[in-house]
Amino acid sequence: MDVLSDVVSAARTGRPHSGRVTRSAPFAERFAPVPSAGFHIVLQGTCWLLPSQGEPIALGPGDVAFLPRGSAHGLADDPTTPVSEPPATLTEVHEGGGGEAAAGRPPTVIMLCGAYLLDGLGPHPLLNDLPEVIHLPTRVGRHRELRAAVELLGVELEGDTRPDSDTVLLTLLDLLLLYILRAWFEEQRVSGHSATGWAAALHDPAVAAALRAIHGDPGRPWTVVELGARARLSRAAFARRFTRLVGRPPLTYLTWWRMTTAARLLRTSDVPVHTIAQQVGYSSQYTFTHAFKRQYGLPPGGYRHHAG
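(A) Representation of the pairing of strand β2 (residues 28-31). Where β2 lies against strand β7 (residues 73-76), 4 bridges are found, and the strand directions are antiparallel. Looking across to β7, one finds that F31 is bridged to H73. With 2 bridges connecting them, β2 and strand β8 (residues 84-88) associate as parallel partners. Bridging across to β8, E29 finds its partner in S84.

(B) Focus on the sheet that holds strand β6 (residues 64-67). Reading across from one edge, β1-β9-β3-β6-β10 is the order of the 5 strands in this open sheet, with antiparallel pairing throughout. Each edge of the sheet is formed by a strand with only one pairing partner; in this case those strands are β1 (17-23) and β10 (134-136). Strand-to-strand twist of the sheet, defined as the mean angle between neighbouring strand axes without regard to direction, takes the value 15 degrees. With 7 bridges connecting them, β1 and strand β9 (residues 109-117) associate as antiparallel partners.

(C) Geometry of the sheet that holds β2. If you walk across this open sheet you meet the 5 strands as β5-β4-β7-β2-β8, and the pairing is mixed. What marks the edges here is a single partner per strand, and that holds for β5 (57-59) and β8. Neighbour to neighbour, the strand axes of the sheet diverge by 25 degrees on average, direction disregarded. Pairing of strand β4 (residues 47-51) with β5 involves 3 bridges; the strand directions are antiparallel. Bridge pairing in β5 places W48 opposite A58.

(D) Representation of helix α7 (residues 224-231) within the structure. Among the residues of α7, those classed as buried are V224, L227, G228 and A231. The arc that holds the buried residues of α7, viewed along the axis, is 105 degrees, so those residues lie on one side. Set apart from the buried face of α7 by more than 90 degrees, the exposed residues are V225 and A229. As for α7, its buried residues are in contact with α6 (205-216), α8 (235-246) and α9 (250-268). Looking at the residues trailing α7, positive phi occurs at R232, about 60 degrees.

(E) Geometry of the pattern of salt bridges. Using the criterion set out here, one finds 6 salt bridges in the structure. Among the salt bridges present, the one from D2 reaches R182, with a minimum N-O distance of 2.6 Å. Separated by 180 residues along the polypeptide, D2 in the segment before α1 (3-11) and R182 in helix α4 (residues 165-190) bring together distant segments of the chain. A relative accessible area of 37% means that R182 is categorised as partly exposed. Among the ionic pairs, E29 bridges to R23, the shortest N-O distance being 2.8 Å. Residue E29 shares its accessibility class with R23, and that shared class is buried.

Conventions used here
Residues numbered from 1 in each chain as written. Predicted model: local features only at pLDDT ≥ 70, side-chain atom pairs only at ≥ 80, totals over all residues. Heavy atoms only, no water. Pairing = 2+ DSSP bridges. Helix = DSSP H or I, 4+ residues; strand = E, 2+ residues; numbered from the N terminus. Axes fitted to C-alpha atoms, helices over the stretch in contact; angles between N-to-C directions. Buried < 20%, exposed > 50% of the residue type's maximum accessible area, 1.4 Å probe, protein only. Arc of directions from axis to C-beta. Contact = heavy atoms within 4.5 Å. Salt bridge = Lys/Arg side-chain N within 4 Å of Asp/Glu carboxyl O.

Structure below.
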């Protein structure tokens, strides 16, 4: 089980928003904060990302800027250009539409922009560990999967409508999110800095083995001893290591992931609540409902109605 892929599929909800955006200088626009993970990818030209905190970030061809928590930010041809009002929002960018270059002026930048809707009731701590802005600059020979996904997305958004283009686009957007996160964690691994949190957990062989076991079979009645055996550590050593890197004890994380898995099933299927309870390891629907409400503040039926 690929833990990162599993986390991405559980955290994301609804349909991603995306579009091919063209701008001519001078331009500067502000994006309001949204309960989403946003992205900007430069296909041609250059621009500046203006985070809500910190220095402006120069973006060039092939650069990826990812905002895991959809924080407020701006885009401009130059950091000194006055920012326009009212603010735009990345959740309103759609396929094939997102603005054109000003008439009579050559484009300064062509980008892919968009957002992934996130489950605001149960965000994964992996996303909370990430910085406000992730900047992945183009480097020859690095992150080839990410570059390939960007290129394919650019082709799909050029406006050539095919019968299956919608399905292809959604698949590519899911891959893009996964490849962005993989690239970031890989950057952390090779940077020489001491990784912390989930960046460390995913690259720690012992903890990663336990996470794969939990994600691969969340309904199994795992014990700390069994998970420690998967990690090839004693019970006490495993519990300390897992808690330090993941941020919660093994069985607490197991319960949390079971509820996260149940929430995904409630959002995306019509499977009865009692069946979902059994799939995530609960023989009693009453016990499952109590655990679910404790995590999400709503009973399973109420959550399904709210998510719908």
